[in-house]
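Close look at the chain arrangement
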Amino acid sequence: MITFSDVSFTYTGDTSVLSELALSIDEGQFVCVLGANGSGKSTFSKLINALLVPDTGTVTVNGMDTNNPDNTFAIRSTAGAVFQNPDDQIVASLVENDVAFGPENLGIENPELRKRVEESLAKVGLAGSGKRETTALSGGQKQRVAIAGVLAMHPSILIFDEASAMLDPRGRQDVLNIVERLHHERGMTVVMITQHMEEAARCDRIAVLDDGRLVMTGSPREVFGRVEELRAAGLDAPEAVQMRETLRQAGMPLAGDPITLEELAQAIWQSLSNN
Ligand code: ADP
């Protein structure tokens, strides 16, 4: 469980980047953090794994206070983060050495280390790729190696800070599928920062930041139903929601509150079949 209790943070001492943020993320939840550029999303993610610590208030990860330096090591192995730029995260020239880097730092030795590397590569669809050169990988493959490196530390929480933002659509889809599988099949807690509303539609819960404040939280269906508030926070509702509202205004009755294109297509089909 991750808890933010009245957390405020500033980089320079004057302008507040996060203000009195209070939020709990339960074990096994898949939470998406949305917000316009500069709203504080990345700062929020760095506060989870103690890359930053709050000026006031507390952040705890599985009960460990990030303010206590004695906890930093345990927090970073509990909450693993994958960031935006694939090239910034690759540290070794061979895939297997890159994936081994994190667990080695935790003091894991062979044969356990080798087992973890192989298992982690398999989880991201790169089984048997250990001997490949990291420089020869695509951006999407590099992000998958970065995810494998985090998984090899056996974390219970995964943080994705716009991890698919620099990828092509195929790479983005691959990464998203892996994230969903880790959550659904392995019950991992996921905190995903994204600019993509369509990605956020697939999570359990959304938290919206606006200028360092938590302004909305709820299920994707609830949050995406509050189109005006989203707009005020500098965000657009997903395409399917915009289309849904346009169709309703044009007089088409649509059952439920579709938020994905698949759900919208079904609702349109149903509406046409009923008339
Ligand atoms: P987001 O991820 O939503 O784009 P960030 O958390 O990156 O937002 O940034 C929030 C605010 O903090 C922005 O105004 C940004 O310019 C500022 N900021 C981010 N990182 C730093 C830093 N290292 N030093 C000073 N200001 C920063």
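First things first, this report covers the structure right here in the doc. (Residues numbered from 1 in each chain as written. Predicted model: local features only at pLDDT ≥ 70, side-chain atom pairs only at ≥ 80, totals over all residues. Heavy atoms only, no water.)

1. Remarks on the packing of helix 6 (residues 139-151) against helix 7 (residues 169-186)
Condition: Helix axes are fitted only over the stretch in contact, all axes being lines through C-alpha atoms; the angle between N-to-C directions runs from 0 to 180 degrees. Only runs of H or I of at least four residues qualify as helices and only runs of E of at least two qualify as strands under DSSP, and these elements are numbered from the N terminus. Angles below 35 degrees are treated as roughly parallel, those above 145 as roughly antiparallel, those between 65 and 115 as roughly perpendicular, and all remaining angles as oblique. Should the near helix be turned anticlockwise from the far one by less than a right angle, the crossing is termed left-handed; should it be turned clockwise, right-handed. By definition, residues are in contact when any of their heavy atoms lie within 4.5 Å. Three classes are used: nonpolar for Ala, Val, Leu, Ile, Met, Phe, Trp, Tyr, Cys and Pro, charged for Asp, Glu, Lys and Arg, and polar for all others, with Gly counted as polar.
Remark: helix 6 packs on helix 7, axes separated minimally by 9 Å, with the N-to-C direction vectors making an angle of 20 degrees. If you check the angle between helix 6 and helix 7, you find them roughly parallel. Seen along the crossing, helix 6 lies across helix 7 with a hand that is right-handed. Residues Gly140, Gln143, Arg144, Ile147 and Leu151 of helix 6 lie in contact with helix 7, whose contacting residues are Gly171, Asp174, Val175, Ile178 and Leu182. In the contact of helix 6 with helix 7, the residues fall into five nonpolar, three polar and two charged.

2. With respect to the sheet that holds strand 5 (residues 64-65)
Pairing between the strands of a sheet is mediated by backbone hydrogen bonds and can be parallel or antiparallel. The following threshold applies: When DSSP finds two or more bridges between a pair of strands, those strands are recorded as paired.
Spatially, the four strands line up as an open sheet ordered 2-1-4-5, and their pairing is antiparallel. Every other strand in the sheet has two partners, leaving strand 2 (18-25) and strand 5 as the edge strands with one partner each. Against the sheet, helix 1 (residues 41-48) makes contact with strand 1 (2-9), strand 2 and strand 4 (56-61), and its axis sits at roughly 125 degrees relative to strand 1, the strand it touches most.

3. Some details on the pairing of strand 8 (residues 189-193)
Filter applied, for reference: Relative accessibility under 20% of the residue-type maximum defines a buried residue, over 50% an exposed one, and the middle range a partly exposed one, all with a 1.4 Å probe and only protein chains included. With the strands pointing away from the viewer, any crossover whose connection runs clockwise from the first strand over the helix to the second is right-handed.
Counting buried residues along strand 8, five of its five residues qualify, which places the element largely inside the surrounding structure. Burial along strand 8 is two-sided: the residues Thr189, Val191 and Ile193 and Val190 and Met192 are all buried. Bridge count for strand 3 (residues 30-35) against strand 8 is four bridges, and the pairing is parallel. Its bridge partner being in strand 8, phenylalanine 30 is matched across the sheet by valine 190. Alignment of strand 7 (residues 157-161) against strand 8, held across five bridges, turns out to be parallel. Counterpart to leucine 158 in the pairing with strand 8 is valine 190. As a crossover connection, the stretch from strand 7 through helix 7 into strand 8 is right-handed.

4. Thoughts on the sheet that holds strand 3
Reading across the sheet, the six strands line up as 6-7-8-3-9-10 and stay open at both edges, with mixed pairing between neighbours. The open sheet has two edge strands with one neighbour each: strand 6 (79-82) and strand 10 (213-218). Between one strand axis and the next, the sheet turns by 20 degrees as a mean value, whatever way the strands run. Each of strand 3, strand 6, strand 7, strand 8 and strand 9 (205-210) is contacted by helix 1, which is oriented at about 150 degrees to strand 8, the strand it contacts most. Contacts between helix 7 and the sheet are confined to strand 3, strand 7 and strand 8, with strand 8 contributing the most and set at about 150 degrees to the helix.

5. Considerations on the site of the ligand
To be explicit about the condition: Proximity is defined per residue: any heavy atom of the residue falling within 4 Å of a molecule or strand makes that residue near it. Throughout this description, a polar contact denotes any pair of N or O atoms lying within 3.5 Å of each other; where both atoms belong to protein, one of them has to be capable of donating a hydrogen while the other can accept it, and for residues adjacent in sequence the pair is counted only when both atoms sit in side chains. Only the protein chains shown count as covering a residue, and every accessible area follows the Shrake-Rupley method with a 1.4 Å probe.
The environment of the ligand is made up of Tyr11, Val17, Ala36, Asn37, Gly38, Ser39, Gly40, Lys41, Ser42 and Thr43. Interatomic distance of 3.2 Å between a backbone N/O atom of serine 39 and an oxygen atom of the ligand. A distance of 2.5 Å separates an oxygen atom of the ligand from a polar atom in the side chain of threonine 43. Relative to its unbound accessible surface of 560 Å², the ligand loses 56% to contact with the protein. For the shell around the ligand, the residue count by class is three nonpolar, six polar and one charged.

6. So, the side chain of serine 39
By the secondary structure assignment, serine 39 is in the loop between strand 3 and helix 1. Under the relative-accessibility criterion, serine 39 is labelled buried at 3%. Only 2.7 Å separates the side chain of serine 39 from the backbone oxygen of alanine 36, close enough to count as a polar contact.

Scope: geometric values only; no functional claims are made or implied.
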